Each structure stands twice: as C-alpha cells, then as structure tokens.
Amino acid sequence: MSTAGIALEAPRLLLVDDDEIFRVVLARALERRGFQVQAADCPAAALPLARQFSPGYAVVDLRLGDASGLGLIEALHALDPRTRIVMLTGYASIATAVEAIKLGATHYLTKPADPDEIIAALGRTSGDADIPVAAHPPSVERLEWEHIQKVLNQHQGNISATARALKMHRRTLQRKLAKRPVRE
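This one's a predicted model, so the numbers in the text were calculated from it and none came from an experiment.

Undergrad: Give me the lowdown on the sheet that holds strand β9 (residues 107-110), citing residues and values where you can.
TA: Spatially, the five strands line up as an open sheet ordered β4-β3-β5-β8-β9, and their pairing is parallel. Both edges of this open sheet fall to β4 (36-40) and β9, since each of them pairs with a single strand only. Averaged over all pairs of adjacent strands, the angle between strand axes in this sheet comes to 20 degrees, irrespective of strand direction. Together, β3 (12-16) and β4 form the strand contacts of helix α2 (residues 43-53), whose direction differs from that of β4 by roughly 155 degrees.

Written out as structure tokens, the structure reads:
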C-alpha cells in the first residue's frame, strides 16, 4: 500500500492459540483483512516473537495447553503498553474476563469469534452502555463454573490449591474443569 509515494506498513498482529487449525485459519483471515500476522502456539514461543515483531495488536487464547494466556497479557504490555490485546476463550467466565481487562486486554471474546468481530474488538476504545442485560439469572451450573474460575484465578491456576480451597478432591475439580462451561 502507498499514498503519494509513502509506503504504509500493514498493522502487525501477534496471534497466540494452541489450536493449530484455528490459528492457521484465523491468521489467513486476518491477513486477508490487511494485517501482518505472526502466530505462536504458547507463551514461550510468543514472547520472543513479540520482541522481534513488535506487534501493535495481539489476539491471545485464554487456555494455552497447561498455560494461561492471562500472564501473556502482562508480558506483552511490559514490552509495549500500547499493544491492543483481545483475549479469546472457549472457557468464558466472569473471573477471567475481569482479570484479562485488569491486566490490560482491550476486549474479551468467546469462541467462536469471527475475524470481523475480533478486528472490531481490537479497535474498541470504550465500553458499550447499550449492551443488553440478561433476562434470566444464571443457572446453578453456570454459577458453579464462575465460582470455580474465581477460586482458580485466586490460586494462580494451581489445581491442587484450588481443590483444597473448594474442599473438593483434585480429580473431581479436574473433571469439572475439563467440561465446557454451561452456555447461557
């Protein structure tokens, strides 16, 4: 792209997701929409890439194998506080959404999120006061999921410590965490 002889560089975006198929498809879609995309499957691969690539934008999955994308938000902001970050997750919870925003994420989206929705979220600079309020309270299953996520977050993702705090067997907690959260 150029304007009157001045070359304009496409915006740089770092995509971090451990689901290879999703990562490749989303990277291609974002490239078609004008982004330079570099992709990684874990925080250990993402940080050196971010140092070299200097992205203005990042899309980070919450659950990256055994790691959490929440820590990556802090690390990316330490490299450049202006980086606009969207947290993606298939395991949405209020606790992780709040933490992602506190740590510096621009927005938090649940999967599946399409590329246009992600790009819109990267560009958002304020909240939406017109967002609809839920007509019904959350189910007991959803409340349980939210509470587990809150306690898990308080214990920095440590399953054993979370199980002790919840007075629950560790394997029971692992089974509950392996299930997808109840959609409302």
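Undergrad: Any chance you could break down the packing of helix α6 (residues 140-154) against helix α8 (residues 170-178) for me, citing the residues and the numbers?
TA: Close contact between α6 and α8 brings their axes to 11 Å; oriented N to C, the two are set at 115 degrees. When you trace α6 past α8, the crossing you get is left-handed. Facing E144, W145, I148, Q149 and L152 of α6, the residues of α8 in contact are L173, K176 and L177. In terms of residue class, the contact of α6 with α8 is built from five nonpolar, one polar and two charged.

Undergrad: Outline α2, supporting the account with residue identities and numerical values.
TA: Because an α-helix completes one turn every 3.6 residues, residues spaced three or four positions apart along the sequence face the same direction. Regarding α2, the residues found buried are P43, A46, L49, A50 and F53. Buried residues along α2 cover an arc of 125 degrees about the axis, so they all sit on one side. When the buried face of α2 is taken as reference, the exposed residues oriented beyond 90 degrees from it are A44, R51 and Q52. Those residues of α2 that are buried lie in contact with β3, β4, β6 (63-64), β7 (67-68) and α3 (70-79). A positive phi of about 50 degrees marks S54, the residue just after α2.

What counts and what doesn't
Residues numbered from 1 in each chain as written. Predicted model: local features only at pLDDT ≥ 70, side-chain atom pairs only at ≥ 80, totals over all residues. Heavy atoms only, no water. Pairing = 2+ DSSP bridges. Helix = DSSP H or I, 4+ residues; strand = E, 2+ residues; numbered from the N terminus. Axes fitted to C-alpha atoms, helices over the stretch in contact; angles between N-to-C directions. Contact = heavy atoms within 4.5 Å. Left-handed = near helix turned anticlockwise from the far one by under 90°. Nonpolar A, V, L, I, M, F, W, Y, C, P; charged D, E, K, R; others polar. Buried < 20%, exposed > 50% of the residue type's maximum accessible area, 1.4 Å probe, protein only. Arc of directions from axis to C-beta.

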